[in-house]
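Residue-level structural notes
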Amino acid sequence: MASGIDIAAYCARIGVSGPLPATVATLKRLHHAHMLAIPFENLDIHWGRPIMLDEARLFDKIVTQRRGGFCYEQNGLFAAVLRALGFQVDLLEARVHAKTWDSGRPWDHLTLAATLERRWLLDVGFGEGFREPLLLDEAGAQERPEGVWRVQHDGCEGVHSSRTATGDWQAEYRFRLQPRQLRDFTPGCDYHQRSPSSSFTQQRVCSLATPTGRITLGDRRLIVTEDGERQEQDLADEAEFQQLLQKCFGLSTPPSAVRRNDDCGCC
């Protein structure tokens, strides 16, 4: 185990077994399995638990405690796992829905790039995203069963886009190819767990990819998508939220947790 990363425990967490050579096939396998096993969630923010960008802490939360997390946590852990397996991985700064780099929020999102035969864009922490890595230097459309994406860059700055139902391209985030350290993202992580302007402080969310779609639980609604069919269920009360959190994700609110924003009217 290096830097608090127990590969066997991580593999058990995501349901992967067998040899894991540093190959493209392994990269795709781990990326896909991670997204189907580990939920995208912001519960600690509403439980009054500070999120610290430390690899050992991330491993303990996501693997040992069998929790999820948001981009800084999930991609931070995934990068550490891949490096422990011998992959070359860089942490990249990204800015979500930014029309230009300067218009975006600094350290808004953490995404990853891996170099193995070719360069790949990885992201296990962007909610409903691509489930297998995208080629970083392939400017055309890249089709996956769950959608179509495009990655374009000029060697320094790039944009990751998804194709909408109307055939238009929607920019998901802009990124820069300069490698960063996990600690560099602390300002962004602190903003999103503390600022009332961040969507993460305004309501709880827990979302997980499934083999046929995705299941997402918010403060007021459960959304289940299967084979392209979307169903929404309004929640009756907090008790139903807690029941679904346990039933769908195996998570429970700790008795000592402090719920934020109860009186803000936004949740």
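Structural data are supplied above this passage.
Rules used in this analysis
Residues numbered from 1 in each chain as written. Predicted model: local features only at pLDDT ≥ 70, side-chain atom pairs only at ≥ 80, totals over all residues. Heavy atoms only, no water. Helix = DSSP H or I, 4+ residues; strand = E, 2+ residues; numbered from the N terminus. Rg over C-alpha atoms; globule rule 2.2 N^0.38 Å. Contact = heavy atoms within 4.5 Å. Pairing = 2+ DSSP bridges. Axes fitted to C-alpha atoms, helices over the stretch in contact; angles between N-to-C directions. Polar contact = N/O pair within 3.5 Å; in protein donor to acceptor, adjacent residues only side chain to side chain. Buried < 20%, exposed > 50% of the residue type's maximum accessible area, 1.4 Å probe, protein only. Phe/Tyr/Trp six-rings, centres within 6.5 Å; stacked < 30°, edge-to-face > 60°. Core = buried A, V, L, I, M, F, W, Y, C linked by side-chain atoms within 4.5 Å. Salt bridge = Lys/Arg side-chain N within 4 Å of Asp/Glu carboxyl O.

Thoughts on the overall build of the protein
Scanning the protein from terminus to terminus reveals eight helices and 13 strands. On C-alpha atoms alone, the protein measures out to a radius of gyration of 18 Å, which is about the 18 Å that the 2.2 N^0.38 rule sets for 267 residues. Projecting the C-alpha coordinates of the protein onto the three principal axes gives extents of approximately 50 × 45 × 40 Å. Partitioning the contacts of the protein with sequence separation of at least 6, the portion at a separation of at least 24 is 54%.

Description of the sheet that holds strand β10 (residues 205-210)
Read from one edge of the open sheet, five strands run β1-β10-β11-β12-β13, paired in antiparallel fashion. Every other strand in the sheet has two partners, leaving β1 (40-41) and β13 (229-234) as the edge strands with one partner each. Pairing analysis gives six bridges linking β10 to strand β11 (residues 213-218), with the strands arranged antiparallel. Bridging across to β11, Leu208 finds its partner in Ile215. Set on the sheet, helix α8 (residues 238-249) makes contact with β10, β11, β12 (221-226) and β13; between it and β11 the angle comes to about 150°.

Section: the pairing of β12
Pairing analysis gives five bridges linking β11 to β12, with the strands arranged antiparallel. Bridged to Ile215 within β12 is Val224. Between the end of β11 and the start of β12, which pair antiparallel, lie two residues. Between the antiparallel neighbours β12 and β13 lie two residues, among them Asp227 with a positive phi of about 50°.

Focus: the environment of Arg176
Summarising the element assignment, Arg176 is placed in strand β9 (residues 169-176). Separated by 17 residues in sequence, Arg176 and Val159 have C-alpha atoms that sit 8.7 Å apart. With residues near it in sequence (within four places) discarded, Arg176 still touches Leu92, Glu93, Trp101, Cys156 and Glu157. A polar side-chain atom of Arg176 sits 3.2 Å from a polar atom in the side chain of Glu157.

Section: the sheet that holds strand β8 (residues 157-163)
To summarise the sheet geometry, strands pair through backbone hydrogen bonds and adopt either a parallel or an antiparallel arrangement. The strand order across the open sheet built from eight strands is β5-β4-β3-β2-β9-β8-β7-β6, with neighbouring strands paired in antiparallel fashion. The open sheet is flanked by β5 (134-135) and β6 (142-144), the only strands paired with a single partner. As paired elements, strand β3 (residues 109-116) and strand β4 (residues 118-122) share five bridges and run antiparallel to each other. From the neighbouring strand, Ala113 faces β4, where its bridge partner is Leu121. Together, β3 and β4 form the strand contacts of helix α2 (residues 24-37), whose direction differs from that of β4 by roughly 5°. Docked against the sheet, helix α5 (residues 71-84) engages β2 (88-96), β3 and β4, running at close to 20° with respect to β3.

A few points about unusual backbone geometry
With a phi angle near 55°, Arg66 is a residue other than glycine that sits in the positive phi range. By secondary structure assignment, the location of Arg66 is in the loop between α4 (55-64) and α5. You can call Arg66 partly exposed: its relative accessible area is 49%.

What to know about helix α6 (residues 186-194)
Taken together, the buried positions of α6 are occupied by Gly188, Cys189, Tyr191, His192 and Gln193. Close packing links the buried residues of α6 with α3 (43-47), α5 and α7 (199-202).

Structural notes on the packing of aromatic side chains
Summed over all chains, the structure comprises seven aromatic pairs. Ring centres 5.2 Å apart and planes at 90° place the aromatic pair Phe70 and Phe200 in the edge-to-face group. With a gap of 130 residues between them, Phe70 in the loop between α4 and α5 and Phe200 in helix α7 connect regions that are remote in the sequence. We note that Phe70, like Phe200, is buried. Both rings, one in Tyr72 and one in Phe185, keep their centres 6.3 Å apart while their planes meet at 50°; by these two values the pair is tilted.

Here we look at the nonpolar core
Looking at soluble globular proteins, one finds that nonpolar side chains tend to be buried together. Core analysis: the largest hydrophobic core is formed by 46 residues, its most contacted members being Tyr10, Leu30 and Leu77. Where this core is concerned, the elements lending two or more residues are α1 (7-14), α2, α4, α5, β2, β3 and β4. Per-element tally for this core: the top contributor is α5, with eight residues. In this structure, Leu208, Leu222, Phe241 and Leu245 belong to the second largest nonpolar core, which totals 13 residues.

Concerning the pattern of salt bridges
If you walk through the whole model with that rule in mind, you get 15 salt bridges. Across the pair Arg67 and Glu41 runs a salt bridge whose closest N-O atoms are separated by 2.9 Å. Taken together, the positions of Arg67 in the loop between α4 and α5 and Glu41 in strand β1 put the pair 26 residues apart, joining distant regions of the chain. The burial state of Arg67 is the same as that of Glu41; both residues are buried. Arg204 is the partner of Glu238 in a salt bridge, and the nearest nitrogen-oxygen pair spans 2.7 Å. Of this pair, Glu238 sits in helix α8 while Arg204 sits in the loop between α7 and β10; the two residues are 34 residues apart in sequence, bridging distant segments of the chain. In this structure Glu238 comes out as partly exposed when scored by relative accessible area, which is 36%.

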